[in-house]
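Here are the chains, one letter per residue:
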Amino acid sequence: MMRTGYACLAVGVPGSEMKSCLQKNASETRLLELIGNNLDALEKIILYNIHNHILLFRISSDLIPFGSSLSYTLPWPEVYMEKLSRIGQLIRSSGMRVSMHPGQYTVLNSLSDPVVERAILDLKYHAKVLDSLGLGPEHKLILHLGGAYGNKPAARKRFLINYARLDSFVQRRLVLENDDKIFHIRDVLETASQASIPVVFDNLHNFVNPADKDVTESEWISLCSQTWKPEDGPQKIHYAQQNPLRKSGSHSETILIDPFLEFCNQIRRSDLDIMLEVKDKNVSAIKCSICLSPSRPEIHLLEEEWARYKYNILEHSSSEYLSIRQLFRNKDTCTSLDMYHFVEAALQKPVSTGSAVNAAEHVWGYFKNKASEAEKRRFQKLLQNYQLGSSPLESVKTNLSRLALKYQEDYLLCGYYFHLYKGGIL
DNA sequence: TGACGTCAAGATCCG
DNA sequence: CGGATCTTGACGTCA
């Protein structure tokens, strides 16, 4: 079984936002309040993932604000034991695999002792989250090797020395990933093999920072597979596509389905976990997982997807909108790939004023009978200003988004219209 | 010293 | 007053 997943946050999942605060406002009471909120948010995301058959997910490091410093001694695992065990139960019983990924500022091989000490505490914090959910060692912590400091061999050696200092409850979860600047996949494989650490291959990092251009992605993945022991669970990789408008190594807005499926065909593997690193998060994860599912996806999942995309498509192109509607007329032959081809084609088209107004008016239809006179005037005014070119489309959409929140229009709040592709998908 | 990346909090401005 | 928009924070390395 191939699992495809996404990292940290989900668009169109009301109440799933992580909250934080500035360090200076971080009292114990405030922190515990935020942690309670964040655990509830996490539960909503997990339930959303289960509903959408997404069985791979990275939990945000922001779950416990200042979890490696201020909150480190807070008794959150005890205070929130019930919430934690309920979430852990959902993860285990659904067969979901989760992970965490300390950021680029957790540097275990630093030349500075205080930085190393903080890295160790940070790793302990992350492992503690997974432990508190009652999850086994196949739920991993992903880390980069760290800095080079002008001497890669010495920097790699320092990593191994400091790795040896980690508690076993951290070590058993730790996996190493190749990065886009310093340590390429061969560096990582060589270092990891000396401590039996599993290796995550990241295709975009490898493209930007290759170890050997003659070795294919497929070959690196198969070399990495040897680092995964049975207790580590199935091999994991990271998959990303280049954002064509941004600098080399930047993640794309969305995963284009054809190159993704081509990648999967190339690697010829059916037992791999693929973590997508992409701006639109859950949106791409659902697309990829539906298109990869060996049996025909349940048609209702595809129909729910259509419902979420509907007004984005209308905003870009009425011809694809009609094509997709036509597709659903015959549910026996309607394939997910066909739908996503239309979706991507539409989203790649520029937004014309006419189609944007059309979409906005469709969305306005949810409110026109319950909106106040002031709200009606405000919407008409904003729409008019947009048509005259004196204000941006964004102000119309933010206004509609506010109304959706006020009138609790879940259909709109759970859709993609308010959330996606402010700068286009290409 | 600023760029890098990432998100939301906080601050400020505006009608 | 509420809402929109701008700036800051938190992290460590490296040019």
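What you are looking at is a predicted structure, and each value in this text was computed from that prediction instead of being measured.

About the criteria used
Residues numbered from 1 in each chain as written. Chains lettered and ligands numbered in written order. Predicted model: local features only at pLDDT ≥ 70, side-chain atom pairs only at ≥ 80, totals over all residues. Heavy atoms only, no water. Helix = DSSP H or I, 4+ residues; strand = E, 2+ residues; numbered from the N terminus. Rg over C-alpha atoms; globule rule 2.2 N^0.38 Å. Buried < 20%, exposed > 50% of the residue type's maximum accessible area, 1.4 Å probe, protein only. Near = heavy atom within 4 Å. Polar contact = N/O pair within 3.5 Å; in protein donor to acceptor, adjacent residues only side chain to side chain. Nonpolar A, V, L, I, M, F, W, Y, C, P; charged D, E, K, R; others polar. Axes fitted to C-alpha atoms, helices over the stretch in contact; angles between N-to-C directions. Parallel < 35°, antiparallel > 145°, perpendicular 65-115°, else oblique. Contact = heavy atoms within 4.5 Å. Domains from an automatic or database assignment. Buried area = accessible area lost by both parts, 1.4 Å probe. Salt bridge = Lys/Arg side-chain N within 4 Å of Asp/Glu carboxyl O. Core = buried A, V, L, I, M, F, W, Y, C linked by side-chain atoms within 4.5 Å. Pairing = 2+ DSSP bridges.

Chemist: Is there a simple way to think about the overall build of chain A in this case?
Modeler: Looking only at helices and strands, chain A has 18 helices and eight strands in total. Over its C-alpha trace chain A gives a radius of gyration of 23 Å, about what one expects of a compact globule, namely 22 Å for 426 residues. Each principal axis of the C-alpha distribution contributes one length, and for chain A these read about 65 × 55 × 40 Å. The burial tally for chain A puts 53% of its 426 residues in the buried class.

Chemist: Help me understand the protein's contact with DNA strand C, please; the structure alone is not making it clear to me.
Modeler: In the vicinity of DNA strand C lie 14 residues, with Gln23, Tyr105, Ser110, Arg118 and Tyr149 positioned nearest. Take the atoms of DNA strand C that sit within 4 Å of the protein: sugar and phosphate atoms are 67% of them. At 2.9 Å, a side-chain N or O of Arg118 approaches a phosphate oxygen of DNA strand C. One nitrogen or oxygen atom from the side chain of Arg402 is found 3.0 Å from a phosphate oxygen belonging to DNA strand C. Taken together, the residues of the surface near DNA strand C break down into eight nonpolar, three polar and three charged.

Chemist: I keep staring at the packing of helix H10 (residues 257-267) against helix H14 (residues 336-348) and nothing clicks. Help me out?
Modeler: Relative placement of two packed helices is described by the angle separating their axes and the distance separating the axes. Following both chains from N to C, one finds H10 and H14 inclined at 135°, their axes separated by 10 Å at the closest point. Between H10 and H14, the angle falls in the class oblique. Each of Ile257, Asp258 and Leu261 in H10 lies in contact with H14, whose residues at this interface are Leu337, His341 and Glu344. The class makeup of the residues in the contact of H10 with H14 is three nonpolar, one polar and two charged.

Chemist: So what exactly am I meant to see when it comes to the domain arrangement of chain A here?
Modeler: Examined at the domain level, chain A breaks down into domain 1 (3-292) and domain 2 (299-413). Using C-alpha coordinates to define each centre, domain 1 is positioned 34 Å away from domain 2. Taken together, the contacts link 16 residues of domain 1 with 13 residues of domain 2. The three residues of domain 1 that bury the most area against domain 2 are His51, Lys287 and Ile290, which together make up 34% of that side's buried surface. In this assembly, domain 1 and domain 2 are joined by one salt bridge. For the side of domain 1 that touches domain 2, the secondary structure elements donating two or more residues are helix H1 (28-51), H10 and helix H11 (282-292). Of the residues that constitute the side of domain 1 that touches domain 2, the class distribution is 10 nonpolar, four polar and two charged.

Chemist: Where do I start with the protein's contact with DNA strand B in this structure?
Modeler: Taken together, Leu9, Met18, Lys19, Ser20, Cys21, Leu22, Asn25, Gln104, Tyr105, Lys247 and Lys281 make up all the residues around DNA strand B. For DNA strand B, the fraction of protein-proximal atoms (within 4 Å) that sit in sugar or phosphate groups is 70%. One of the side-chain N or O atoms of Gln104 is found 3.5 Å from a sugar or linking oxygen in DNA strand B. Here a base nitrogen of DNA strand B sits 3.2 Å away from a polar atom, N or O, in the side chain of Tyr105. A per-class count over the surface near DNA strand B returns five nonpolar, three polar and three charged.

Chemist: Help me out: how do you make sense of the side chain of Ser16 in this one?
Modeler: Relative to the assigned elements, Ser16 resides in the loop between strand S1 (3-7) and H1. According to the relative accessible area criterion, Ser16 is buried, its value standing at 5%. Side-chain polar atoms of Ser16 contact the backbone oxygen of Val13, separated by 2.7 Å. Residues in contact with Ser16, not counting those within four places in the same chain, are Ala10, Ala41 and Ile45.

Chemist: Would you explain the nonpolar core in this entry?
Modeler: The nonpolar side chains of soluble globular proteins are, as a tendency, buried together. Grouped together as the largest cluster of nonpolar side chains are 127 residues, with contacts concentrated most on Phe159, Phe260 and Leu400. When residues of this core are assigned to their parent elements, the largest contribution, nine residues, is made by H1. Among the domains, domain 1 (3-292) and domain 2 (299-413) are the pair contributing at least three residues each to this core. Beyond its immediate sequence surroundings of up to four residues, Leu400 is in contact with Ala360, Val363, Trp364, Phe367, Phe379, Tyr417 and Phe418.

Chemist: So what exactly am I meant to see when it comes to the sheet that holds strand S6 (residues 199-202) here?
Modeler: In a beta sheet, neighbouring strands pair by backbone hydrogen bonds and run either parallel or antiparallel. In space, the eight strands of this open sheet follow the order S3-S2-S1-S8-S7-S6-S5-S4, with parallel pairing throughout. At either margin of the open sheet sits one strand with a lone partner, and together these are strand S3 (97-99) and strand S4 (141-144). Put simply, the sheet's adjacent strands are angled 25° from each other on average, direction ignored. Bridging between strand S7 (residues 236-239) and strand S8 (residues 273-276) involves four bridges; their strand directions are parallel. Note that in S8 the partner of Ile237 across the bridge is Ile274. In the packing of helix H4 (residues 113-132) onto the sheet, the strands contacted are S3, S4 and strand S5 (174-177), and the crossing angle to S4 comes to about 160°. Seen against the sheet, H11 touches S1 and S8 and runs at an angle of roughly 175° to S1.

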